[in-house]
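Chain by chain, the residues:
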Amino acid sequence: MSLRATPNSLSVCMIVKNEAATIVRCLSSIKPAAHEIIVVDTGSLDDTVALTKSLGVTVIQSDWRDDFSYSRNISLKAAKGTWILWLDADDVVPAASLQKIKDLSASAPDRVYGFIIKNEKPGNTGSEFMQARMFPNRPDIYFERRIHEQMMLSALRIGMHMQETDVVIEHHGYADAEKVKEKSARNVGLLLAEWDSSRPDAVMAIEIADSYYTLGDNEKARQWYKTVLSVPCCEDAMPHVASQAYLGLGNIANKNEKFKEAILFLEKAVTLCKDRSDALFSLAVAQDLSGDLTAAARTLFTLISKSGPTLTVGVDYREATIKAYLRLERILTELGKEDELFALAQKARIELAHRPEIQNMAGRVLYKNKKLMDALHAFEKSLEIEPRGNCEAYIGLCIIYAAAGRKDHAEATLRTVQSQFETRPLFWAYWHMIFPGDSLLRTDTAAIEKETQTLKKLFL
């Protein structure tokens, strides 16, 4: 098969529609590594086209046919580079990835390169997965499927495999929860239109199931997760996909408070992908809520000791690890394992020093160990990282002020931040702990009492 490419060059290919808010950031991030950039616009009504052309990018106008592969393949046909890198308009290529991409584009075009895609969410969390993003420019490699389009299917047919790399692409399309739901609703329609029950596809089925789960339709999600697992040889041929299905079933069972059932599903998910953080965390939740705190603690310790491989399905390692530390704080407190808790807080503060919630956890543990100055510094560090909305840090400071005989300073601090937190039961729980005779009440008493009990467990 002859190539249609110019030697040692990289074509960046994209499809866009109404992406004026993100297109300049995306194009600017990859331009230093690109020989050419080709953008297929499918009907933008905003300034996307003008902004794109102003950066010297080739723009091709096309109609939208409810088929992502159709549009992406238009961009491939116009590409002249040895290599093609495909991007979305809300992708950003970090500076650290640019030289790596340049180096890869100088290699022989005999494989597909997989990049680590980081779906960024608010709070610096989000799932990560390995995805085929860079491939040789040849006519027999092209995109297939109307939605969640893939080019690996055609690459595999010609005997070309994916080589995983440590190149990172940040994807910012998951920052808005409502937009994520809108995309999921759109995706379900396109996926169902393409679904062929006579030729069941586990990858397509998991995408349908995950979309229904995102939309909150747990019954349909459960049915489609079962469909995934019914595909012949799914567990052997696609363990990551099967693990995702068992995880979905386990999460749904947890929501329905069927914890024993959830444990069975989640243990299977972990067996298929043993270092998978999200499955380990969900398993620990099921164990915790079923009353087996020791097993839950053991599972959470396993989670925080693993970095986890990057899979072909998305896993939010960052959020799972943070939540694991916080849940361990409560579980070890309930089990009375103060020495283990202190060691845990020290470890967390070293490994996740940039996380305000971890600094807050460390502050609570240090306070209980009568290390008031260290606790004070932890809460101050938390506020330095996240000054807005950080009720836990302010309460931690006020508890230390009161313990040091500065109740007046605690009261002044609370009044300073009252407008930020007056709808938070946690704020009023602490308010009434230090001012028990105060009749000021702004929220539900049951919620306040629950938060009060939590505060007493964590601090006293």
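For the structure itself, look to the data block above.
Here the structure is a predicted model, which means the values were calculated and not measured.

Engineer: I'd love a proper account of the packing of helix α16 (residues 356–368) against helix α21 (residues 445–459), names of residues and values included.
Structural biologist: In the contact formed by α16 and α21, the axes pass within 8 Å of each other and the chain directions differ by 60 degrees. Here α16 contributes Arg364, Tyr367 and Lys368 to the contact with α21, which in turn contributes Lys457, Leu458 and Phe459. For the contact of α16 with α21, a count of residues per class yields 3 nonpolar, no polar and 3 charged.

Engineer: Give me the pairing of strand β6 (residues 112–119): which residues, what numbers.
Structural biologist: Within β6, 7 of the 8 residues are buried, which leaves it mostly tucked inside the rest of the structure. The sheet contact formed by β6 and strand β8 (residues 162–171) spans 7 bridges and is parallel. Residue pairing for β8: Ile117 is matched across the bridge by Ile169. Inspection of the sheet shows β6 paired to strand β7 (residues 128–136) by 6 bridges, in the antiparallel sense. Directly across from Ile117, in β7, lies its bridge partner Phe129.

Engineer: Any details on the pairing of strand β2 (residues 36–41)? Residues and values, ideally.
Structural biologist: Among the 6 residues that make up β2, 6 are buried, leaving the element largely enclosed by the rest of the structure. With burial as the criterion, each face of β2 is covered, one bearing Glu36, Ile38 and Val40 and the other bearing Ile37, Val39 and Asp41. Sheet topology note: the β2/strand β3 (residues 58–61) ladder contains 4 bridges and is parallel. What sits directly across from Asp41, in β3, is Gln61. Crossover connection from β2 via helix α2 (residues 48–54) to parallel β3: handedness right-handed.

Engineer: Can you lay out the pattern of salt bridges for me, pointing to particular residues and giving the numbers?
Structural biologist: By the definition in use, this model includes 29 salt bridges. Close ionic contact of Asp90 with Lys183 constitutes a salt bridge, the shortest N to O distance being 3.8 Å. Here Asp90, found in the loop between β4 (81–87) and β5 (91–92), pairs with Lys183, found in helix α6 (residues 177–194); they are 93 residues apart in sequence, far enough to count as distant. In this structure Lys183 comes out as partly exposed when scored by relative accessible area, which is 27%. The partner of Glu235 in a salt bridge is Lys268, with the nearest N and O atoms 3.4 Å apart. With Glu235 in helix α9 (residues 234–237) and Lys268 in helix α11 (residues 259–272), this pair connects stretches of sequence that are 33 residues apart. Residue Glu235 is classed as partly exposed on the basis of its relative accessible area of 25%. By relative accessible area, Lys268 is classed as partly exposed at 30%.

Definitions and limits used
Residues numbered from 1 in each chain as written. Predicted model: local features only at pLDDT ≥ 70, side-chain atom pairs only at ≥ 80, totals over all residues. Heavy atoms only, no water. Axes fitted to C-alpha atoms, helices over the stretch in contact; angles between N-to-C directions. Helix = DSSP H or I, 4+ residues; strand = E, 2+ residues; numbered from the N terminus. Contact = heavy atoms within 4.5 Å. Nonpolar A, V, L, I, M, F, W, Y, C, P; charged D, E, K, R; others polar. Buried < 20%, exposed > 50% of the residue type's maximum accessible area, 1.4 Å probe, protein only. Pairing = 2+ DSSP bridges. Right-handed = clockwise from strand over helix to strand, strands pointing away. Salt bridge = Lys/Arg side-chain N within 4 Å of Asp/Glu carboxyl O.

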